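Coordinates in review
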Amino acid sequence: MAVRVQAEDFDVGKELAQLTNGNHAIGGVAVFVGLVRDLAGGSEISAMTLEHYPAMTEKMLAEIEAEATERWPLEASLIIHRFGRLEPGDQIVMVATASAHRQAAFESCEFLMDWLKTKAPFWKLEETDQGAQWVDARDSDDTAAARWVKKDPDAAE
Amino acid sequence: MAVRVQAEDFDVGKELAQLTNGNHAIGGVAVFVGLVRDLAGGSEISAMTLEHYPAMTEKMLAEIEAEATERWPLEASLIIHRFGRLEPGDQIVMVATASAHRQAAFESCEFLMDWLKTKAPFWKLEETDQGAQWVDARDSDDTAAARWVKKDPDAAE
Amino acid sequence: MKLLYFAWLKTKTGMAEEDVALPEDVATVGELLTWLEGRGANFADALSDRGAIRVAVNQSYAKPGDPVGPNDEVALFPPVTGG
Amino acid sequence: MKLLYFAWLKTKTGMAEEDVALPEDVATVGELLTWLEGRGANFADALSDRGAIRVAVNQSYAKPGDPVGPNDEVALFPPVTGG
């Protein structure tokens with residue numbers, strides 16, 4: 001279980017090898033890697049800058065990861081999120097979850113990405129030929145995150 | 001779009017770099033890597049041998065991948081499946097799907113894994129201290145695959 | 001017809017592949033399985049649980065009613081367990 | 001109280017962080033936002049759309065009714081767009 005927030009790029013293959021190394025209870029690893037696209041809306045993006053709130057970021061990511069670990073039987077997990085200036089094709093984020101069975105790995109990986117998209121304090125400033133502009137949050141991200149909200153049967157009070 | 005069936009191991013990092021390289025329309029890559037576990041039921045596994053039906057395997061995998069490409073807006077996809085003798089911790093399979101948005105990547109990656117588990121002609125022979133035995137198919141794999149079956153509204157005839 | 005056997009169907013029948021001359025009244029997958037069952041104790045044993053057997057004709061999954069002919073490659077195997 | 005502004009809230013307010021002395025009648029997140037709005041045109045503009053503003057008190061998300069005090073670190077920012 002690990003969380004890293006960094007300006008530097010990361011090597012997915014090395015990170016995965018480290019994540020699973022020697023743990024033979026792992027049957028499957030689900031991974032998501034987010035990349036910078038060169039198009040947003042209709043505008044060409046030449047670069048973007050990821051701003052974040054350092055004191056809050058690692059705290060939120062650790063909370064999110066702790067919740068995933070509580071909800072699914074995970075053998076290992078990893079979140080890496082970059083900040084700073086990135087160009088199209090650059091890696092932004094990596095989430096990996098390892099479990100005995102693939103369903104737990106897939107679900108928890110999606111869960112982590114959905115929460116990260118709606119809770120982790122990062123903001124994208126895109127540089128386009130129209131100038132620099134802050135990216136708007138997408139409603140579809142809220143919708144995706146909402147499907148993980150647990151309905152508490154004891155919440156009547 | 002590529003399918004490979006091979007005895008050799010593969011390097012997830014290199015495969016991903018090749019998959020996404022230069023395509024700046026890709027916003028996310030979902031990946032699943034399956035590993036050999038050291039436990040099945042209650043028995044310790046020392047190794048397993050994956051048998052397959054070569055003439056059918058690549059045909060099935062190519063069909064499965066073609067269907068994923070038709071159902072989701074994928075920029076790239078890759079299936080690698082190994083055969084032969086493998087030990088706990090070894091990589092068995094890798095599925096990667098790349099798309100502009102993460103939901104298409106996640107869904108198509110799960111779709112490919114579910115169909116591969118129920119359609120691709122591979123069989124696992126596990127070596128345990130009880131001797132070698134063929135792995136039984138899991139009902140949960142059929143259930144997982146069934147959720148992707150399209151309901152055809154014109155199927156009344 | 002070329003017949004292929006995989007996994008425990010190979011173990012139980014005792015062979016990985018064989019060429020057979022089809023009787024004239026065998027025209028479907030179901031009829032082929034029934035005919036194979038009558039070829040000896042090992043085949044009767046291997047084919048006793050039809051629900052546990054998958055058939056591919058020319059590398060595509062086939063149902064009991066699908067046709068088979070002398071030039072087909074037919075494979076018999078248990079439900080797959082890869083991935 | 002330490003105040004932090006991120007993304008376009010930083011651009012619109014013209015500052016990344018500041019230390020402020022809270023009036024005595026400001027005890028909640030909602031009251032803080034209302035008070036900040038009155039501090040000038042740039043703040044009024046930045047805070048005009050309450051629905052577009054998220055608040056964290058001591059690095060945890062907070063609601064309008066949550067308490068704030070002089071020793072808190074309060075961050076104002078738009079909905080997040082990382083990942």
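1. Describing the overall build of chain C
Of the regular secondary structure elements, chain C holds three helices and five strands. Going from the N terminus to the C terminus, chain C shows its helices and strands as β-α-β-α-α-β-β-β. The C-alpha radius of gyration of chain C comes to 12 Å, within 12% of the 12 Å expected for a compact globule of 83 residues. Buried positions account for 51% of the 83 residues belonging to chain C. Of the contacts formed within chain C by residues at least 6 apart in sequence, a portion of 52% connects residues at least 24 apart.

2. Observations regarding the overall build of chain A
Looking only at helices and strands, one finds four helices and nine strands in chain A. Moving toward the C terminus, one meets the helices and strands of chain A in the order β-α-β-β-β-α-β-β-β-α-β-β-α. Taking 157 residues into account, the globule formula puts the C-alpha radius of gyration at 15 Å, and chain A, at 17 Å, falls close to it. With respect to the principal axes defined by its C-alpha atoms, chain A has extents near 50 × 45 × 30 Å.

3. Topic: the side chain of D141(A)
Topologically, D141(A) is positioned in helix α4 (residues 139-146). Ignoring any residue separated from it by four or fewer positions in sequence, one finds D141(A) in contact with K117(A), T118(A) and R102(B).

4. A few points about the packing of aromatic side chains
Per the stated rule, a full pass over the model turns up 23 aromatic pairs over all chains. Geometrically, the ring pair formed by Y53(A) and F6(D) is tilted, given 4.7 Å between the ring centres and 35° between the ring planes. On the criterion of chain membership, the pair formed by Y53(A) in the loop between β4 (43-52) and α2 (54-71) and F6(D) in the loop between β1 (2-5) and α1 (8-13) is interchain, its members lying in two chains. For Y53(A), a relative accessible area of 2% puts it in the buried group. Where F6(C) meets F77(C), the ring centres are 6.4 Å apart and the plane angle is 65°; that geometry is what we call edge-to-face. With a gap of 71 residues between them, F6(C) in the loop between β1 (2-5) and α1 (8-13) and F77(C) in strand β5 (residues 73-77) connect regions that are remote in the sequence. The residues F6(C) and F77(C) share a single accessibility class, namely buried. An aromatic cluster is defined as three or more aromatic residues linked by ring pairs; in this entry it consists of Y53(A), W123(A), F6(D), Y61(D) and F77(D). Between R39(C) and the ring centre of F43(C), over which it is positioned, the NZ or CZ distance is 4.6 Å. Across from the ring centre of W8(D), 5.1 Å away, lies the NZ or CZ of K12(D), which sits over that ring.

5. Side note on the sheet that holds strand β3 (residues 54-57) of chain C
All names here are of chain C. Pairing within the open sheet is mixed, and its five strands lie in the order β2-β1-β5-β3-β4. With partners counted over all chains shown, the strands left at the sheet margins are β2 (17-19) and β4 (60-62), one partner each. Averaged over neighbouring strand pairs, the angle between their axes works out to 25° when direction is ignored. Pairing of β1 with β2 involves three bridges; the strand directions are antiparallel. Paired with L4 across the strands is E17, a residue of β2.

6. Quick look at the relation of the copies chain A and chain B
With an axial shift of 0.0 Å and an RMSD of 0.0 Å, the rotation relating chain A to chain B amounts to 180°. These values place the two chain copies in the arrangement generated by a two-fold rotation axis. Minimal C-alpha separation from the rotation axis in chain A is found for G13(A), amounting to 1.8 Å.

7. Overview of the sheet that holds strand β2 (residues 28-35) of chain A
Strands sit in the order β1(A)-β5(A)-β7(A)-β2(A)-β2(B)-β7(B)-β5(B)-β1(B) across an open sheet of eight strands; the sheet is mixed. Edge strands, defined here as strands with exactly one partner in the open sheet, are β1 (2-6) of chain A together with β1 (2-6) of chain B. On average, each strand axis in the sheet is tilted by 10° relative to the strand beside it, whichever way the strands run. Alignment of β1(A) against strand β5 (residues 74-82) of chain A, held across five bridges, turns out to be parallel. Across the sheet, the residue bridging to Q6(A) is R82(A), located in β5(A). Lying on the sheet, helix α1 (residues 12-20) of chain B is in contact with β2 of chain A together with β1, β2 (28-35), β5 (74-82) and β7 (91-99) of chain B; it crosses β7(B) at an angle near 25°. In the packing of helix α3 (residues 102-119) of chain B onto the sheet, contacts are made with β2 of chain A together with β2, β5 and β7 of chain B, and the angle to β7(B) comes to roughly 145°.

8. Quick look at the interface of chain A and chain B
Opposite the 33 residues of chain A that make contact, chain B presents 33 residues. Here chain A packs against chain B, burying approximately 2,800 Å² in sum over the two surfaces, 58% of which is carbon and sulfur. Sorting the residues of chain A by area buried against chain B places H24(A), R102(A) and F106(A) first, and these three jointly supply 27% of that buried surface. Counting across the interface, chain A meets chain B through four salt bridges. Residues D141(B) and R102(A) are paired through a salt bridge, measuring 2.8 Å at the closest nitrogen-oxygen approach. Here chain A is connected to chain B by 15 residue pairs in polar contact (both at pLDDT 80 or more). The set of elements that each furnish at least two residues to the side of chain A that touches chain B consists of α1 (12-20), β2, α3 (102-119) and α4 of chain A. Strand direction decides the pairing type here: β2(A) and β2(B), joined by seven bridges, are antiparallel. Within β2(B), the position partnered with G34(A) by the bridge is G28(B).

9. Focus on the interface of chain D and chain A
Interface size is commonly expressed as the accessible area that is lost once the parts come together. Taken together, the 21 residues of chain D in the interface contact 25 residues of chain A. Each partner contributes to the roughly 1,800 Å² buried at the junction of chain D and chain A, and carbon and sulfur atoms together form 60% of this total. When residues of chain D are sorted by the area they lose upon contact with chain A, Q59(D), T81(D) and G83(D) head the list and together hold 36% of the total. If you look at where chain D meets chain A, you find one salt bridge. Among the salt bridges present, the one from E51(A) reaches K10(D), with a minimum N-O distance of 2.9 Å. Between chain D and chain A we count 12 residue pairs in polar contact (both at pLDDT 80 or more) in total. Sorting the residues of the side of chain D that touches chain A by element identifies β1, α1, β4 (60-62) and β5 (73-77) of chain D as the ones contributing at least two each. Class assignment of the residues belonging to the side of chain D that touches chain A gives a composition of 12 nonpolar, seven polar and two charged.

Procedures and definitions
- Residues numbered from 1 in each chain as written.
- Chains lettered and ligands numbered in written order.
- Predicted model: local features only at pLDDT ≥ 70, side-chain atom pairs only at ≥ 80, totals over all residues.
- Heavy atoms only, no water.
- Helix = DSSP H or I, 4+ residues; strand = E, 2+ residues; numbered from the N terminus.
- Rg over C-alpha atoms; globule rule 2.2 N^0.38 Å.
- Buried < 20%, exposed > 50% of the residue type's maximum accessible area, 1.4 Å probe, protein only.
- Contact = heavy atoms within 4.5 Å.
- Phe/Tyr/Trp six-rings, centres within 6.5 Å; stacked < 30°, edge-to-face > 60°.
- Lys NZ or Arg CZ within 6 Å of the ring centre and 35° of its normal.
- Pairing = 2+ DSSP bridges.
- Axes fitted to C-alpha atoms, helices over the stretch in contact; angles between N-to-C directions.
- Least-squares fit on C-alpha atoms with pLDDT ≥ 70 in both.
- Buried area = accessible area lost by both parts, 1.4 Å probe.
- Salt bridge = Lys/Arg side-chain N within 4 Å of Asp/Glu carboxyl O.
- Polar contact = N/O pair within 3.5 Å; in protein donor to acceptor, adjacent residues only side chain to side chain.
- Nonpolar A, V, L, I, M, F, W, Y, C, P; charged D, E, K, R; others polar.

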